[in-house]
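Tertiary structure, described
Now for the letters of each chain:
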Amino acid sequence: MGNLFRSEEMTLCQLFLQSEAAYACVSELGELGLVQFRDLNPDVNAFQRKFVNEVRRCDEMERKLRYLEKEIKKDGIPMLDTGENPEAPQPREMIDLEATFEKLENELREVNQNAEALKRNFLELTELKHILRKTQVFFDEHEGGLNPTESMTRALISDDSVARQTPSGPVQLGFVAGVILRERIPAFERMLWRACRGNVFLRQAEIESPLEDPSNGDNVFKSVFIIFFQGDQLKTRVKKICEGFRATLYPCPEAPADRREMAMGVMTRLEDLNTVLGQTQDHRHRVLVAAAKNIKNWFVKVRKIKAIYHTLNLFNLDVTQKCLIAECWVPVLDLETIQLALRRGTERSGSSVPPILNRMESFEDPPTYNRTNKFTHGFQVLIDSYGVATYREVNPAPYTIITFPFLFAVMFGDLGHGMIMAMFGAWMVLREKPLAAKKSDSEIWNIFFGGRYIILLMGMFSMYTGFVYNDTFSKSLNVFGSYWSVNYNASTVMSNKDLQLNPSTTDYQQYPYPIGLDPVWQVAENKIIFMNAYKMKISIIIGVFQMLFGVCLSLWNFIYFQRRISIYCEFIPQIIFLCFLFLYMVILMFVKWTNYGPSTGDVKTGPYCAPSILITFINMVLFKTNSAPAVCDAYMYSGQQAFQMLLVVVALICIPWMLFAKPALILRNKRKMHVPLNSNHHNHAMGSENGDAEAALSQAQVPPPLPPHKEEEEHDVGELFIHQGIHTIEYVLGSVSHTASYLRLWALSLAHAQLSEVLWNMVLRNGLMFEGWVGGIALYITFAIWATLTIAILVLMEGLSAFLHCLRLHWVEFQSKFYQGMGYHFQPFSFEAILDSAAQGPEE
Amino acid sequence: MIGCIFNIDGGYLEGLCRGFKCGILKQADYLNLVQCETLEDLKLHLQGTDYGSFLANEPSPLQVSVIDDKLREKLVIEFQHMRKHAVEPLSTFLDFITYSYMIDNIILLITGTLHHRPISELIPKCHPLGSFEQMEAIHVAATPAELYNAVLVDTPLAPFFVDCISEQDLDEMNIEIIRNTLYKAYLEAFFNFCKELGGTTADVMCEILAFEADRRAIIITINSFGTELTKDDRAKLYPRCGKLHPDGLAALARADDYEQVKAVAEYYAEYSALFEGAGNNPGEKTLEDKFFEHEVRLNVHAFLQQFHFGVFYSYLKLKEQECRNIVWISECVAQKHRAKIDNYIPIF
C-alpha cells in the first residue's frame, strides 16, 4: 500500500536468454505482465528482423481465423466465449494449428463455392420461373385483342411498311425475355429507344419478392422484361444492349403449351435444387458450429504467439548466436517474481542454462508505474489524464480518493440526489463481475462503469453534505426537531408577512441543532442570504487548506529529491505567502464566528458591530484603515492594523525571494563547481573502463547516455530567470485567483439547490395542489415529469458539471502547487492487455 | 474574405483531404520499400504506413495485380467519400475530375471491342471513378455518330463529343483522334470552369491544367512522327489552354522531328528544363518521367495554399502517382529485376 504515495521504483535490467528457452520465458513474462521491453534494434526494418517469418505465419493464421469468424457471424452461430485463457502454445504446436486452420479454411471455401454455384443455379431457375409467369400475362393481354400480331405490328412499324407487308400475311415478330436490376430499367429503356430508333417494344413487370445475390448474399430487386422487335439486326443490337446492362436473357417458348411445360420442368428442378441446397447448408453449418466452439480459444493462442514473436524481435542476438539479449524496465519489488517466472520458462523449455537477469545503471528516466487495484484505478486515471507523474514524484491519487468526492459533494449536496447516485454506484459495484463480463461497446457506459467507485463515493459524500445542508430534493428533514420556536400568537402569524425570530430571546434554545442546518431555515425568507454567507466561507476555508496541503506536498517532493535550494527558495516563501494572506483570512473567519453573536450583551460583539471579513481583507492588502460606526471597534483585536501590515509586508517580500533567490544561488554554485565537475567527469569515464567486462557491456548497450547534471549545464542564465519568473508569477497570481476559484464550490452548490427548488415548486407542487381522485392523476403525471427532470437535469447534468468543476479544482488549483506530470507510462508486455486491445480492435 | 465563406461548405472536406495527404508515403518509406525481398515484405512494410491492414485479408501468395487493385480501391473509396459530402460548386469540380477517367474508359472499351474482346473481360479493367451506367453497352455503336446518339448523349461527356461526330468509322487511328479531341475539349472546359470559380482555385488549377494541356500537345506531336496524321489534323488536337498557346502550338504544328519539338520547348523556361537530360539511355530519365516529376511538383505546390479546390485534384493525382510507384516497385520485386527499382517518382 505504501507505494500508492509514489510510483514504483523501477530498474533497467538486461536479460540473457538461451535461444531455446527464449520463447518459453517470454511467454511466462507475458502472462505475468510486469516487464516493459525496449526495442534494441530501432533502425532495423520490420521485415528484416529475426522472427519475421513466424510473425508472418501468425498473420496468416489470424487471417484464416478472421475468415472463419466472418462466416460464423454470417450464419449467426453463437461463439462460445468461455473466458478461459489458454497458455501460449509451444512453437511446435504452431504447425498443428496451421494445419487445422488450413483444412478448415479449404473445407469452408469449397462448401461456399458449391453453395454459390447452387445458389446461382437456383437464382437462374427462379428468374426463369418469374419470366414464364409474367410473360404469360403479357401474352394473355395481347391475345385478348382481335388479331394479336397485327395489332402489335401496327403499333410498332410505320404505316407504309405495314401497308407493304400486309399482303404477305402477318409479320413474325421476334422477342427476347430476361431479367434486369430494377434501378437500371430507365436507362435501359432509354438506350433501347435510342439505339433501335424506337423500333422495339418493351414490356416490363416487377418481381415483388427480392432475390438473393449468390456472390455476396445481398437481397436485390429485379424486373422481368420482354422486348419485341423485328429482324435479325435489331436482335443482335438488342442482345448487345441487354448484355451491356447485365440483363440475363432466358429462352421463352412462344406457344402457351410449351411455356406451361417448361414451367412445370422448372418447378421440379427448383424443388430438387432446394433439397441439395439444404444439404449443403447443413454441411456448412456443421463445419461452422464445430469451429465456433474453439475459435475464441484459437484467437487467444495465435495472438499470444504473435505477441511473443513481436517481443523476440525487439531482442538483440549476441555474437555467438546462442543467446538473446533483452533490455527491460522492471519494478524492483517484482524482481523475485520475474526470476521465478524465468525459471519456470526455462524448465518448460527443457533448457539447462538458467537465464541471467542483470540490473543496469541508466541515466534515462524510468517509466512511471503506479500499482492500482480496482478501487484506486479510477482515481489514478483521473490524475493520469492530466499528466503522468514524473518518476517517483508524489502521487496525488491517494488524497484524491477523499478530496475528489468531498469537493464534488460540496457542490452537489443533496441527500436525495446523492442517494440516487450512490445507489447507481452501489449497483455497479455489487454487480461488478457480471457487468464486466458483458464487455459493452457503449463508450458512455464504459466511462460510467470504469468510474463506479468514484460514483459510489461521490454519491455517499453527497448524501452527507446534503444532510449537513439539510437538503433533500430541496426540502428539509426535521430529524431532531427544530431548536427554534415561534412565540407569536396565531393571529399575528396569519396577518403579518414579515416576522422575525430573534435568536437572543426564547425564540431560540441557545444551542444549535445537533448536526447540519436547522430545518426552520426552510421556511425563512432569508435562507439564501444565510446559506450564501455560510457556503462562501466554507468554500474559501476548504480551498485554502487544500492549497496549503498541496504546497506541503511539494516540500515532501523536495526532501525526497534532495533539492535543498528549492526548499529554501520556493517552499518557504510560498508557504509564508499563502499563510500570511489567506490562512490569516480564514482565521479571521473563525474569530468572527466565535466572538460575535446576538446574545453576548455587549454591543461591540453583537450583530451590529460584526465586521465584514472581505472588507477587512481588502483594506489590509491596500494598507487602508478600517472604518466602523461610532459605537463599534474598527478592529477585531488591538494591534490588528500593525500586525496586518507586518503580514502583508512579509508576504510581499516573499515575491522577490521566490523570483531571484533560486537562480542566483544556482549561478553561484555553478561558478564554484565548474572546475571540479569536469575532473569528476573524467574520473567517471576512467572508472567504467577499468570496471569488469559486464559493466562495460552494459554501458555500451545503453543508447547514448545522457550527460549527467544536464539541467545545470544546459540552462543558460536568461532561461533560468525567465523560468523562475514564470513560476513565481504563476504562483502569486495563482494563489489569488485560485482562492477566488474555490468560490465555485459555493456557486455550484447554490445553483444546484435553487434548481432543485424551482423544479419542486414549478412541477411537483402543482400536482400536490389538487384534491380527490383528480389529485391522484395530476400527481401521477407531474411526478413522472419531476422524476425525469430530476434524473436528467439535476443528477446527470448537474452531476456532470459538478464533476468537471471538481476535476478542475484538482488539476489546476491543487496539483499546480506540486505536481509536474512529466513522466511516461509503464507499459508492460502483458498478454492480457494485448488480447483486450485485439478484441476491441476489429469492432471499431 | 473568401476564406471565411469557403469553410462553410468546403472546410470539412479540405481538412479531410489534407489529412489524407499526410498519409502519402515519404521518401523514407520508399527507401524501405525498395529494400524488400518479396511482396510479403512489401505488405509488411505497408502495414506500418497509412495503408494499414488493407492487404490483411488477402491470402498469400500475393500478386502485383491484387496490390494494384487494393491500392486503387482505397483511393476510390476516399475520393467517393469526399464526392458524396461535397456541395456545389465543389461537387461539379470533383465530377470534372472523374470525366477524364470516363474518357479513358470509353476509349478502352471501344478499342477492346474493335479487337473483338468480350466486354466482360474489359469491364474490370476500367477505372471505377470513370464508370457510368451506359458504359457496358458501348459496343452497340459502330460509328462515332452512333456512339454519340446511343450512349454518350446522356453522359456529361456529351458536349465534349460534338466535335468528333464527323469521323466516319471507328478504326485505330480515329479512336486516337477521338480520344485526343475529347481530352482537348475536356481540358478546355475544365480550365474555363476553374477560371470561372476564380480566386485561389483558379490560380492553382489553371497552372496545373495548363501544364497538362502543354504536356498533351508535346506528347501528341512526338507520337505523331511517322504516322499518317497530317499536320493540320494534329494541330486540331492541341488543347488550347496551356502556356504554349498560341505561338508555341503553332510552332509545334510545324515540327517534323524530336529536335524541333525540343527547340520549341527551349522558349519556355520550365519545359526546356524538362527536355534537358531526358533520354532513353540507361541512367537518363525518360521525358515521360520528367513530366511526371514536374506534375508531382505542381501538385505538391497546390497544398501550400488554403481555401481552394486544387487540393482535391492534387491529392488524387499524387495518390495515383503513389500507386504507380508502389506497383512499379512491386513489379520489380516480383520479377527480381532490381536494376530499375529506383525509377519511382518520390512525392515528398
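Worth saying up front: this structure is predicted, and the values here are computed from it rather than measured. (Residues numbered from 1 in each chain as written. Chains lettered and ligands numbered in written order. Predicted model: local features only at pLDDT ≥ 70, side-chain atom pairs only at ≥ 80, totals over all residues. Heavy atoms only, no water.)

Moving on, we come to the overall build of chain A. Check the secondary structure of chain A and you find 26 helices and 11 strands. Against the compact-globule benchmark of 28 Å for 844 residues, chain A has a radius of gyration of 42 Å, which places it well outside the compact range. With respect to the principal axes defined by its C-alpha atoms, chain A has extents near 135 × 100 × 50 Å. Across chain A, the fraction of contacts at a sequence separation of at least 24, relative to all contacts at a separation of at least 6, is 82%. (Helix = DSSP H or I, 4+ residues; strand = E, 2+ residues; numbered from the N terminus. Rg over C-alpha atoms; globule rule 2.2 N^0.38 Å. Contact = heavy atoms within 4.5 Å.)

On to the interface of chain A and chain B, then. Counting from both sides, the interface comprises 25 residues of chain A and, opposite them, 27 residues of chain B. Carbon and sulfur atoms make up 50% of the surface buried where chain A meets chain B, a total of about 2300 Å² over both sides. Looking only at chain A, the three residues that lose the most surface to chain B are Phe47, Met191 and Arg194 of chain A, adding up to 25% of its buried area. Put simply, Arg190 of chain A and Asp154 of chain B hold a salt bridge, and the shortest N to O gap is 3.3 Å. Summed over the shared surface of chain A and chain B, the result is 3 residue pairs in polar contact (both at pLDDT 80 or more). Ranked by the residues each element gives to the side of chain A that touches chain B, the list is headed by helix H2 (residues 52-75) of chain A, at 6 residues. Looking at the side of chain A that touches chain B, its residues break down into 8 nonpolar, 3 polar and 14 charged. (Buried area = accessible area lost by both parts, 1.4 Å probe. Salt bridge = Lys/Arg side-chain N within 4 Å of Asp/Glu carboxyl O. Polar contact = N/O pair within 3.5 Å; in protein donor to acceptor, adjacent residues only side chain to side chain. Nonpolar A, V, L, I, M, F, W, Y, C, P; charged D, E, K, R; others polar.)

This brings us to the sheet that holds strand E4 (residues 201-206) of chain A. Strand pairing in a sheet relies on backbone hydrogen bonds, with the paired strands running either antiparallel or parallel. All names here are of chain A. Strand order in the open sheet formed by 4 strands is E4-E7-E3-E8, with antiparallel pairing between adjacent strands. The open sheet has two edge strands, E4 and strand E8 (248-250), and neither has a second partner. Each strand axis lies, on average, 25 degrees off the axis of its neighbour in the sheet, ignoring direction. One ladder, built from 8 bridges, connects strand E3 (residues 174-181) with strand E7 (residues 222-229); its direction is antiparallel. (Pairing = 2+ DSSP bridges. Axes fitted to C-alpha atoms, helices over the stretch in contact; angles between N-to-C directions.)

Under the counting rule described, the total for this entry stands at 1 disulfide over all chains. Each disulfide pairs two cysteine sulfurs, and for Cys609 of chain A the partner residue is Cys632 of chain A, the sulfurs being separated by 1.7 Å. Given an S-S torsion of about -75 degrees, the disulfide between Cys609 of chain A and Cys632 of chain A has left-handed geometry. Residue Cys609 of chain A is found in the loop between helix H18 (564-595) and helix H19 (613-622), and its partner Cys632 of chain A is found in the loop between H19 and helix H20 (640-690); the two are separated by 23 residues along the sequence. With respect to class, Cys609 of chain A is no different from Cys632 of chain A; both count as buried. Free cysteine: Cys552 of chain A, not disulfide-bonded; nearest cysteine sulfur from Cys579 of chain A at 7.8 Å. Residue Cys206 of chain B stays outside any disulfide, its sulfur separated by 5.8 Å from that of Cys194 of chain B, the closest cysteine. (Disulfide = S-S within 2.5 Å. Buried < 20%, exposed > 50% of the residue type's maximum accessible area, 1.4 Å probe, protein only.)

Attention now goes to the domain arrangement of chain B. All names here are of chain B. Under the domain assignment used here, chain B contains domain 1 (82-197) and domain 2 (198-276). On a C-alpha basis, the centres of domain 1 and domain 2 stand 23 Å from each other. Between domain 1 and domain 2, the contact holds 16 residues from the first and 20 residues from the second. Buried surface at the junction of domain 1 and domain 2, summed over both partners, amounts to about 1500 Å²; 74% is from carbon and sulfur atoms. When residues of domain 1 are sorted by the area they lose upon contact with domain 2, Lys184, Leu187 and Phe191 head the list and together hold 36% of the total. At the junction of domain 1 with domain 2, the criterion picks out 0 salt bridges. In this assembly, domain 1 and domain 2 are joined by 6 residue pairs in polar contact (both at pLDDT 80 or more). Take the side of domain 1 that touches domain 2: its biggest share by element is 15 residues, from helix H9 (residues 172-197). Split by residue class, the side of domain 1 that touches domain 2 holds 9 nonpolar, 2 polar and 5 charged. (Domains from an automatic or database assignment.)

Among the structural elements, Trp329 of chain A can be located in strand E10 (residues 323-331). Taking the relative accessible area as the measure of exposure, Trp329 of chain A reaches 4% and is therefore buried.

Residues and elements named next belong to chain A. Mapped onto the present numbering, the UniProt feature "transmembrane region" (unreviewed entry) falls at residues 406-430, 451-469, 538-559, 571-591, 642-661 and 783-807. Secondary structure across residues 538-559 divides into 100% helix and 0% strand, with the first and last C-alpha atoms of the span separated by 32 Å. Taken end to end, residues 571-591 is 100% helix and 0% strand, and its first and last C-alpha atoms sit 28 Å apart. (UniProt positions renumbered as here; feature names shortened; annotations may be inferred.)

All names here are of chain A. Summed over the entire model, instances satisfying the criterion amount to 46 salt bridges over all chains. Note that Lys304 and Glu31 form a salt bridge whose closest N and O atoms lie 2.9 Å from each other. Taken together, the residues span a long stretch of sequence, with Lys304 in helix H8 (residues 256-313) and Glu31 in helix H1 (residues 19-32) at a distance of 273 residues. The class of Glu31 is partly exposed, set by a relative accessible area of 31%. One salt bridge connects Glu127 with Lys222, and the closest N-O pair in it is separated by 2.9 Å. Here Glu127 is found in helix H3 (residues 91-144), whereas its partner Lys222 is found in strand E7, with 95 residues between them in sequence. Taking the relative accessible area as the measure of exposure, Glu127 reaches 1% and is therefore buried. Overlapping salt bridges bring together Asp59, Glu62, Arg303 and Lys306 as one network.

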